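Chain residues, written in single-letter form:
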Amino acid sequence: MAVVPVLIVDLHSHSRASDGLLSPADVARRAAVNGVDILALTDHDETNGLPHARAEAERAGLRFIDGVEISIEWGGLQVHIVGLDFDVGSAALNAGLEAIRSGRVTRARRMSAELEKAGIPGCFEGAMRYAENPNLIGRSHFARYLVEIGVCRDVRSVFESYLVPGKPGYVTHQWATLAESVGWILGAGGVAAIAHPGRYKFSRLEMRNLLDDFKGLGGQAIEVISGSHSQEHLIQFSRLAREYGFLASCGSDFHGPEESHVDVGGNAPLPADLTPVWTAFR
Ligand code: AMP
Ligand code: MN
Ligand code: MN
Ligand code: MN
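Reading the values: rules and limits
- Going along each chain's sequence as written, the residues are numbered from 1 onward.
- Here the convention is simple: chains get letters from A, ligands get numbers from 1, in the order in which they are written.
- In keeping with the predicted nature of the model, local features appear solely for residues at pLDDT of at least 70, side-chain atom pairs appear and are counted solely at 80 or more, and the whole-chain, interface and lining totals rest on all residues.
- The side-chain quantities take in all heavy atoms of the structure and omit both hydrogens and water.
- Runs of H or I in DSSP of at least four residues are treated as helices and runs of E of at least two as strands, each being numbered from the N terminus.
- Radius of gyration here uses only the C-alpha atoms, and the compact-globule reference equals 2.2 Å multiplied by the residue count raised to the power 0.38.
- Categorising residues by exposure relies on relative accessible area from a 1.4 Å probe, with only protein chains included: less than 20% of the type maximum marks a residue as buried, more than 50% marks it as exposed, and the intermediate range marks it as partly exposed.
- The criterion used for residue contact is that any of the two residues' heavy atoms lie within 4.5 Å.
- Note on areas: these come from Shrake-Rupley sampling with a 1.4 Å probe, and a residue is covered only by the protein chains present in the view.
- Note that water is not among the atoms considered, so a metal site may appear incomplete; the donors listed are N, O and S atoms within 2.8 Å of the metal, with 3.2 Å applied to Na, K and Ca.
- In this text, near means that some heavy atom of the residue lies within 4 Å of the molecule or strand in question.
- Here the term charged refers only to Asp, Glu, Lys and Arg, the term nonpolar to Ala, Val, Leu, Ile, Met, Phe, Trp, Tyr, Cys and Pro, and the term polar to all other amino acids, Gly among them.
- Summarising the geometry, the arc corresponds to the directions from the helix axis toward the C-beta atoms.
- Counting of polar contacts relies on pairs of N or O atoms within 3.5 Å, with two restrictions inside protein: one atom must be capable of donating a hydrogen and the other of accepting it, and residues adjacent in sequence are counted only when both atoms are side-chain atoms.
- Strand pairing requires that DSSP identify at least two bridges connecting the strands.

(A) View of the overall build of the chain. A count of helical and extended segments in the chain gives nine helices and seven strands. The C-alpha atoms of the chain give a radius of gyration of 18 Å, which matches the 19 Å a tight globule of 282 residues would have. Seen through its C-alpha atoms, the chain measures out along the principal axes to roughly 65 × 45 × 40 Å. Expressed as a percentage of its 282 residues, the buried residues of the chain come to 55%. In the chain, the proportion of contacts linking residues at least 24 apart, taken out of those at least 6 apart, comes to 72%. For the chain, the accessible area works out to roughly 12200 Å², and carbon and sulfur atoms hold 53% of it.

Next comes the structure, spelled out in structure tokens:
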């Protein structure tokens, strides 16, 4: 009997081009060492790490997929839409991502002002030291600075007490819309996937509304396996993928060896009856 090897596929990872800790090339090298067969780098709102990761991935003989994780607002919350296997030269996609990035610096100044009111000054400058790509300044960089100055013991505990709705340092922000993000990805010939759906604090009805809206716009995939999903999330989102006819995606959401409990390529494989998102890649 033929043995079909299970592919190791990680379609969600971050580098220093956004809020990861490794260079794009080092993410690809680490994926190769970990035996990954198909890798996507999906930095937040930024694609400039992709050529570096691709060059290294191809040198190591693994299949590389261009990716991005777009920050949007839906239902009053921040939601992430992953784009995969798109044309990196797409003018509309690049202009859209550029607009999101320019909003991040303004948001960071407002976050810093809120933290100052809470008695923690200097956070904008402090967080910026952690952002190799200043336009990608985000909450992870603030979290690393708050750990550095001893406000919290690790990044995880920062997100329990700061930077989230209702806690100091959180500000609302005008991200892109769901329709814009899906439109940019599809317009660039890519596949759109809802990132880590288990992370959003939506009711079951709100989640269904999100999936309905996403599908209505042409969204095709959903992350069933994610570094931030529990076993219950895996069951819940596998069921929804079957019901909606979504392709299934999987990824670690790796940010760095010191911060992520799931290494690049360390995510579980997809349930065998789901249709993997990579069957739709070019
Ligand atoms: P931003 O795009 O600036 O809103 O930052 C979002 C990023 O913050 C996510 O991509 C994660 O890297 C990080 N983050 C959000 N919530 C948590 C959490 N509970 N624990 C660790 N990191 C988190
Ligand atoms: Mn992140
Ligand atoms: Mn995310
Ligand atoms: Mn991510």
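Once you've had a look at it, read on.
(B) Summary view of the coordination of the manganese ion (ligand 4). Of the protein atoms, only H12 (NE2), H14 (NE2), E69 (OE) and D253 (OD) coordinate the manganese ion (ligand 4), at distances of 2.1 to 2.2 Å. Written as a sequence motif, the donor arrangement for the manganese ion (ligand 4) is H-x1-H-x54-E-x183-D. Between the manganese ion (ligand 4) and the manganese ion (ligand 2) the interatomic distance amounts to 4.7 Å. With H12 in the loop between β1 (9–10) and α1 (24–33) and D253 in the segment after β7 (247–251), this residue pair connects regions lying 241 residues apart in the sequence. Residue H12 is classed as buried on the basis of its relative accessible area, which comes to 1%. Its relative accessible area of 10% is what places D253 among the buried residues.

(C) Representation of the coordination of the manganese ion (ligand 3) within the structure. For the manganese ion (ligand 3), the full set of protein donor atoms is E69 (OE), H80 (ND1) and H196 (NE2), and the range of their distances to it is 2.1 to 2.2 Å. Positions of the donor residues of the manganese ion (ligand 3) along the chain correspond to the pattern E-x10-H-x115-H. A separation of 5.6 Å is found between the manganese ion (ligand 3) and the manganese ion (ligand 2). Within this pair, whereas E69 is found in strand β3 (residues 63–74), its partner H80 is found in strand β4 (residues 77–84), the two being separated by eleven residues in sequence. Side by side, E69 and H80 carry an identical accessibility label, which is buried.

(D) Representation of the site of ligand 1 within the structure. Taken together, D19, H44, Q78, R104, R107, G138, R139, S140, F159, R199 and H255 are the residues near ligand 1. Against a free-state accessible area of 500 Å², the protein chains account for coverage of 80% of ligand 1. Contributing elements (two or more residues each) for the shell around ligand 1: α3 (91–117) and α5 (139–148). For the shell around ligand 1, the residue count by class is one nonpolar, five polar and five charged.

(E) Representation of helix α2 (residues 50–59) within the structure. Every buried residue of α2 is accounted for by L50, A53, E56 and A57. The arc that holds every buried residue of α2, seen down its axis, measures 140°, which confines them to one face. For α2, the exposed residues lying more than 90 degrees away from the buried face are P51 and R59. Positioned one or two residues after α2, G61 has a phi angle of 80°, which is positive.

(F) Seen up close, the side chain of S252. Looking at the secondary structure, you find S252 in the segment after β7. There is a polar contact of 2.6 Å between the side chain of S252 and the side chain of D10. Within the structure, the side chain of S252 is placed 3.0 Å from the backbone nitrogen of F254, a separation counted as a polar contact. Sequence-distant contacts of S252, defined by excluding residues within four places in its chain, comprise D10, H12, G227, V262, D263, V264, G265 and N267.

(G) The arrangement of the environment of P197 in detail. By the secondary structure assignment, P197 is in the loop between β5 (191–194) and α8 (204–216). You can call P197 buried: its relative accessible area is 1%. When the C-alpha positions of P197 and H229 are compared, they lie 8.4 Å apart, and in sequence the two are 32 residues distant. Once residues within four sequence positions are removed from consideration, P197 is found in contact with M207, I222, E223, H229 and F237.

(H) Structural context of the pairing of strand β2 (residues 38–41). Residue alternation in β2 divides its side chains into two sets, I38 and A40 and L39 and L41, and both sets are buried. Where β1 lies against β2, two bridges are found, and the strand directions are parallel. Among the inter-strand pairings, D10 is bridged to a residue of β2, identified as L39. Here β2 pairs with β3 via four bridges, running parallel. From the neighbouring strand, I38 faces β3, where its bridge partner is R63.

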